[in-house]
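# Examining the three-dimensional arrangement
One letter stands for each residue in the lines below.
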Amino acid sequence: MMNSVLSRIALLFAALAMNACASSRSLDQSFSDLSGNASLKSVLFADRTHDYGDVDLTLYEGRLLLTGTMLSEEGRIKLIENAWKADGIKEVIDEVQIAEKTSFGQGFEDTRIDQVLRARLIGDGVVTSSDYKIAVSGAVVYLLGAARSQKELDQALQLARSVAGVEKVVSYVSLRSVVQ
């Protein structure tokens, strides 16, 4: 049992190290986001006053993108308050809609859009896919991350817009400053 846990922890750190090597993000940044995500999930799990089951949490370098739906404005406000309680959160971007939970069909379509876009970003020669996080909610694609150039960002946006079924693309991607 203990060996299994240690093996999983070692695999997690290896995956983080490979991700850091494959992108311009440092291992510290990747680990900080992983820690922040766990902290936020813990905060939300402890709050039994609202159902956060239809909210997606996307974290990149301390920038938290909240997407999905909440049943009430009160719940959305509590979600944002809770987000600021988590470790490592530097910015909260609220894209949560007040609506009924996402239908099974829409959830399936959002997942399809997400997977097609991920494959396109990975296969593209201009875009460094590991520098982007994707969230899809209600056929709206949200991109979060850091592009290496305006050309790369434009290509990522074009790839997102070209996926069948996408109604809108919202970018929270910043441009990395080039150090020479």
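What comes next is a walk through the structure. (Residues numbered from 1 in each chain as written. Predicted model: local features only at pLDDT ≥ 70, side-chain atom pairs only at ≥ 80, totals over all residues. Heavy atoms only, no water.)

### Some words on the sheet that holds strand E1 (residues 55-60)
The strands that make up a sheet are held in pairs by hydrogen bonds between backbone atoms, and each pair lies either parallel or antiparallel. The strand order E1-E2-E3 describes an open sheet built from 3 strands, whose pairing is mixed. The sheet is open, and its two borders are formed by E1 and strand E3 (91-98), each paired with just one other strand. Across the sheet, the mean angle separating the axes of adjacent strands is 10° when strand polarity is ignored. Relative to E3, strand E2 (residues 63-70) runs parallel, the two being bridged by 8 bridges. In the sheet register, Gly-68 faces E3, and the bridge partner there is Val-96. (Pairing = 2+ DSSP bridges. Helix = DSSP H or I, 4+ residues; strand = E, 2+ residues; numbered from the N terminus. Axes fitted to C-alpha atoms, helices over the stretch in contact; angles between N-to-C directions.)

### So, the pattern of salt bridges
All chains considered together, the criterion is met by 9 salt bridges. Among the salt bridges present, the one from Asp-51 reaches Lys-101, with a minimum N-O distance of 2.6 Å. Of the two residues, Asp-51 sits in the loop between helix H2 (27-46) and E1 while Lys-101 sits in the loop between E3 and helix H4 (104-123), which places them 50 residues apart along the sequence. Lys-101 gets classed as partly exposed once you look at its relative accessible area, which sits at 47%. The residue Arg-148 makes a salt bridge to Asp-131 at a minimum N-O spacing of 3.1 Å. Taken together, the positions of Arg-148 in the loop between strand E5 (140-147) and helix H5 (150-161) and Asp-131 in the loop between H4 and strand E4 (132-137) put the pair 17 residues apart, joining distant regions of the chain. Residue Asp-131 is classed as buried on the basis of its relative accessible area of 0%. What emerges from the salt-bridge pattern is a single network uniting Glu-61, Asp-131, Arg-148 and Arg-176. (Salt bridge = Lys/Arg side-chain N within 4 Å of Asp/Glu carboxyl O. Buried < 20%, exposed > 50% of the residue type's maximum accessible area, 1.4 Å probe, protein only.)

### Brief notes about the nonpolar core
Residues Ile-113, Leu-117, Leu-121, Tyr-132, Ile-134, Val-141 and Leu-143 are the most contacted members of the largest nonpolar core, which totals 20 residues. When residues of this core are traced back to their parent elements, those giving at least two are H4, E4, E5, H5 and strand E6 (168-175). If we ignore the near neighbours within four places in the chain, the residues touching Val-141 are Ile-113, Leu-117, Ile-134, Ala-135, Val-136, Ala-160, Val-166, Lys-168, Val-169 and Val-170. Residues Leu-64, Met-70, Ile-80 and Ile-89 belong to the second largest nonpolar core, which totals 15 residues. (Core = buried A, V, L, I, M, F, W, Y, C linked by side-chain atoms within 4.5 Å. Contact = heavy atoms within 4.5 Å.)

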